Amino acid sequence: MKSVVKIFRLGFPIYLGFASAASASPAPDPLATISGEIVTTPAAWTKEVRPRTLEHFRETIYGVRPVDKPADFSAKIIRTDRATLGGKATSKEIEFRYSGPHGKGGFHALLLIPNAAKAPSPTFVVLHFTKPDPTAAASVNGAWPAERLIDRGYATVAFDVNEVDPDRPDGYAAGVRALFDSQPPPADAWGTLSAWGWGASRVLDYLETDPAIDAKHVAVVGHSRRGKAALWCGAEDQRFAYVISNDSGCAGADLARTKKGESIANITKRFGYWFSPNYPKFAGREDALPIDQHQLLALIAPRPLYVASATRDLYASPEAAFASCRLASPVYQLFGKSGIDSSTQPPPGAAIDSGTIGYFLRIGPHDMLPADWEHYLNFADKRL
Ligand code: GCU
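Predicted model, so just to flag it, every value in this text is computed and none were measured. (Residues numbered from 1 in each chain as written. Predicted model: local features only at pLDDT ≥ 70, side-chain atom pairs only at ≥ 80, totals over all residues. Heavy atoms only, no water.)

Below, the discussion takes up the site of the ligand. Every residue close to the ligand is listed here: Ser 224, Arg 225, Lys 228, Glu 262, Ile 267, Arg 270, Phe 271, Trp 274, Tyr 315 and His 366. Within the side chain of Ser 224, an N or O atom sits 2.7 Å from an oxygen atom of the ligand. Separating an oxygen atom of the ligand from a side-chain N or O atom of Lys 228 is a distance of 2.8 Å. About the coverage of the ligand: the protein hides 83% of its 320 Å² of free accessible area. Judged by the fraction of its atoms near the pocket grid, the ligand is located in the second largest pocket. For the shell around the ligand, the secondary-structure elements that each account for two or more residues are helix H6 (225-236) and helix H7 (264-271). Looking at the shell around the ligand element by element, the count peaks at three residues for H7. Of the residues belonging to the shell around the ligand, the class tally is four nonpolar, two polar and four charged. (Near = heavy atom within 4 Å. Polar contact = N/O pair within 3.5 Å; in protein donor to acceptor, adjacent residues only side chain to side chain. Areas by Shrake-Rupley, 256 points an atom, 1.4 Å probe, with all protein chains shown as cover. 1 Å grid on protein atoms, 1.4 Å probe; cavity = no way out; pocket = protein on both sides within 12 Å on 5 of 7 lines; lining within 4 Å. Sits in = over half its atoms within 2 Å of the grid points. Helix = DSSP H or I, 4+ residues; strand = E, 2+ residues; numbered from the N terminus. Nonpolar A, V, L, I, M, F, W, Y, C, P; charged D, E, K, R; others polar.)

What follows is the structure in structure tokens.
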């Protein structure tokens, strides 16, 4: 094949800089085919590398979705209010309904559209953890800064991920997975994080039908566990034009092979239901993973991606997240974009965001704060 050259990149400085364990295996080359050939064109990567990488992530970490858009999927506006946020926005409450072989399910989302918009609005889809309230304080626990988004000219829609699939070890029966899984669930069944991303894709199904929305410019954003889900959502669904992960840590942006921050052993012990049943097999065996999280970021290429960390959030290791951003960058470069254009992490409080991957290291603890959002919005202004 013309577009592929055979170069074995042993010694590629992929694991320099974090190789505290001399035994660490190199992170897989995100440009390599199954036989170790390095692709040199976007077309070859898209055809030969992307599908296999996606399969590895499904199989190993997030599980395989048994359904995309259900046959009887419906999205109905059950309430409209043109006077939301003191008249700045029109809100629409949307009710999603669907059924699978094992029953019926659904969830709600709250969409806000700026009343000042003169054209269809680019939109942020927010994976939220409670019933979304656009007037709630936006400074705690990754809450939704709806008014700020509207003021900046964006539409935004949030939904409570717990309505799609409850975030509890015993939540299975009440979530979407129980409706569609074969029973008993397969060995590579989807976990809760994938179900949340599936929910965001169903929200996008609706957005594509709303003339007030610019559905070609829709971002998906999440904090922490929802940051993991947002990344996976963007990997599975290429309709999302911009993906934002805040403090997503293990199984999010963090390169597992750095062995910094939360381990696979810890996360699968506490939150096994988030993942494919195969993931715990890699507990204590990060080096044996067939893929690593930089390839998850690469699955978002060439679309804009923003990854943020916080200095006091070592459990979601800033070092491991930055390593992934750097190692995903060759795929962005293949598409003629720059990813992260620096080999050193920005100092606390600074951002590196001149490329198509942005990275920001906030000073402070694990959280998603208004300061983080300003970075995501500035990046969107330039890239969407
Ligand atoms: C736990 C979990 C993390 C997760 C975090 C969160 O700490 O171990 O992986 O990111 O919760 O969602 O806040």
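So, about the nonpolar core. When a protein is soluble and globular, its nonpolar side chains tend to lie buried together. Ranked by internal contacts, the top residues of the largest apolar core, which has 85 residues, are Val 125, Phe 159, Val 203, Leu 207, Tyr 279 and Leu 305. Among the elements that make up this core, the one with the highest residue count is helix H5 (residues 192-207) (nine residues). One finds Ala 89, Phe 124, Val 126 and Leu 377 within the second-largest nonpolar core, a separate group that totals 25 residues. (Core = buried A, V, L, I, M, F, W, Y, C linked by side-chain atoms within 4.5 Å. Buried < 20%, exposed > 50% of the residue type's maximum accessible area, 1.4 Å probe, protein only.)

With that settled, the discussion passes to the sheet that holds strand E9 (residues 242-246). Pairing is mixed in the open sheet, where 10 strands are placed in the order E3-E4-E5-E7-E6-E8-E9-E10-E12-E11. Since the sheet does not close on itself, it has two edges, and those belong to strand E3 (74-84) and strand E11 (351-352), each with one partner. For strand E6 (residues 121-128) and strand E7 (residues 155-160), the ladder comprises six bridges, and the chain directions are parallel. In the sheet register, Leu 127 faces E7, and the bridge partner there is Phe 159. Lying over the sheet, H6 contacts E6, strand E8 (213-223), E9 and strand E10 (305-310), oriented at roughly 145° with respect to E8. (Pairing = 2+ DSSP bridges. Contact = heavy atoms within 4.5 Å. Axes fitted to C-alpha atoms, helices over the stretch in contact; angles between N-to-C directions.)

Our next topic: helix H9 (residues 318-334). Taking 1.5 Å of rise per residue, the 17 residues of H9 would be expected to cover 24 Å, and the 25 Å separating its terminal C-alpha atoms lies within 8% of that figure. Its axis deflected by about 30° at Ala 328, H9 carries its strongest bend there, up to four residues before the proline Pro 330. Most of H9 is tucked away, with 14 of its 17 residues classed as buried. Of the residues that open H9, the one with a side-chain oxygen 3.3 Å from the backbone nitrogen of Glu 319 is Ser 317. Immediately beyond the C-terminal end of H9, within one or two residues, lies Gly 336, with a positive phi of roughly 80°. (Expected span 1.5 Å × (residues − 1). Bend = angle between axes of the 7 residues up to and from the residue.)

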